[in-house]
Amino acid sequence: MIPVWAQVCYVVAAVCFILALKGLSSPKSARRGNLIGAFGALLAVVVTFIAYDIDNLGWILAAVAVGAIGGAWGARRVAMTAMPQLVALFNGVGGGAAALVALLELSEPARAGLVKPDGFFNNDAGWFAYSPLNDESGGHSLEELERLAQLLTTGTLTATAFTILIGAVSFSGSVITFLKLQELMTGRPITFPGGPFVFGGVLVAALGLGVWTVATGSVTLAIILAIVGLLAGVLLVLPVGGADVPIVISLLNAFTGLAVAAGGYVLENALLLVAGTLVGASGTILTRAMARAMGRSVSSILFGAFKGGSTAG
Amino acid sequence: MTEGVALLTVFVLAVFVGFEVVSKVSSTLHTPLMSGANAIHGVILVGSVIVAGTADEAGVLVVALIAVVLATLNLVGGFVVTDRMLEMFGGKRPPDAPA
């Protein structure tokens, strides 16, 4: 796949991320830790441009420039008090990016005319040999077809569906936390009759759609899954009160990390897998620590308003 | 399939490293640590670039470029805002010392 030197650079980047988290845990080394993390990210991105066969280079560099200027400008300009909602917004767009990447990867075999054969556990990527495509009339090399078939195996499809769902939840949930902290909507918990049942129903629908997407490899179902994920993110954050919102941002941050990790599995990119997992795991610990520092538990923050609503009603 | 198991092994090990590495964080650093971790998952930019770099249809390229912009916002904005938070921490100390 990609050259060995590039994979070694990815390992260096992964170590940088571990050192960054370690550094950020102590006041003395925090700032240096953040810089080490930024260096690791820069290394990873530069290596990716060189090691992979990248078309559309001009467009991509332009998009990177837009994002970099926008991100740096926003981060420099924002008022100190508005930093938490900016972090929420950055976290949300990261989740959105992960979901889009997974959707596009899923659409690749379909665009090449490859469909998943019947059978949920049909994991033998060799079935593509029976595909009408293997006469290479579509201009696909055997290696390319193998890669596309791999994207339709149950393991990869599960990771794809997970990335799409969790990325969408993180995106819409983060937007709601942003609106709450920015006081564009009320900071008070928003509940409505039957809220827990609606939320439960949406979760069941998401799970069902996820399994269905894995079984069929259908892009249409994956898009519906993404929409249901967006709805679930909104319903997750609406009942949370303003003071508890930072803890929910931390939780959604861990979610995005896991979505990125699963995206790394789909792309067979070990760096994305490690970086995403590190954030997912450390974010979970951090969320619990933050809740404990406020004398709350994570479940009481997420579902407390539901309980309060039911006793009042 | 062995490739999949190798990635799964990496995943499990990374979970433990992630747990361990932040286990002793002081509560004053909760927000910067969250912000720094947030910046790190911005490396999904790597994935966005790979997907955009193989796009062969205009529609796919447009969606992939949106992902590139979003991921770069996350990555660059995340590290810059974390640095600003920590600058604030460092800046607070000198005025405290004379007082």
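Below you will find a few notes about this structure.

Analysis parameters
Positions within a chain are numbered from 1, following the residues in the order the chain's sequence is written. Labels are handed out in written order, letters beginning with A for the chains and numbers beginning with 1 for the ligands. Owing to the predicted nature of the model, reporting of local features is limited to residues with pLDDT of at least 70; listing and counting of side-chain atom pairs is limited to 80 or more, with chain, interface and lining totals taken over all residues. Only hydrogens and water are set aside when side-chain values are computed; all heavy atoms of the structure are taken into account. We call two residues in contact whenever any of their non-hydrogen atoms come within 4.5 Å of each other. The term buried area denotes the loss of accessible surface (1.4 Å probe radius) that occurs when two parts are joined, taken as the sum for both partners. By definition here, a salt bridge exists when the distance from a side-chain nitrogen of Lys or Arg to a carboxyl oxygen of Asp or Glu is within 4 Å. Any N or O atom pair separated by 3.5 Å or less is treated as a polar contact, with the protein-specific requirement of one donor-capable and one acceptor-capable atom, and with residues adjacent in sequence counted only for side-chain atom pairs. Only DSSP runs of H or I with at least four residues qualify as helices, and only runs of E with at least two residues qualify as strands; both kinds are numbered from the N terminus onward. Type-normalised accessible area, obtained with a 1.4 Å probe on protein chains alone, sets the label of each residue: buried when under 20%, exposed when over 50%, and partly exposed for intermediate values.

1. Concerning the interface of chain B and chain A
Facing the 69 residues of chain B at the interface are 81 residues of chain A. Roughly 7,000 Å² of surface becomes buried between chain B and chain A when both sides are summed, with 78% attributable to carbon and sulfur atoms. Joining chain B to chain A, the criterion identifies 3 salt bridges. The partner of B:Asp56 in a salt bridge is A:Arg111, and the shortest N-O contact between them spans 3.3 Å. Inspection of the region where chain B meets chain A yields 16 residue pairs in polar contact (both at pLDDT 80 or more). At the level of secondary structure, the elements contributing two or more residues to the side of chain B that touches chain A comprise α1 (2–21), α2 (30–40), α3 (44–53) and α4 (58–96) of chain B.

2. Considerations on the side chain of B:Ser48
Mapped onto the elements, B:Ser48 comes out in helix α3. Note on B:Ser48: relative accessible area 0%, which makes it buried. Residues in contact with B:Ser48, not counting those within four places in the same chain, are A:Ala97, A:Val101, B:Ala67, B:Val68 and B:Ala71.

3. Things to note about the pattern of salt bridges
A full pass over the atoms with the stated rule returns 5 salt bridges over all chains. Put simply, A:Arg147 and A:Glu108 hold a salt bridge, and the shortest N to O gap is 2.8 Å. Of this pair, A:Arg147 sits in helix α5 (residues 142–150) while A:Glu108 sits in helix α4 (residues 83–111), and the two are 39 residues apart along the sequence. Overall, the relative accessible area of 35% leaves A:Arg147 in the partly exposed class. Looking at A:Glu108, the relative accessible area reads 12%, which means it is buried. It is possible to trace a salt-bridge network through shared partners that takes in A:Arg31, B:Asp83 and B:Glu87.

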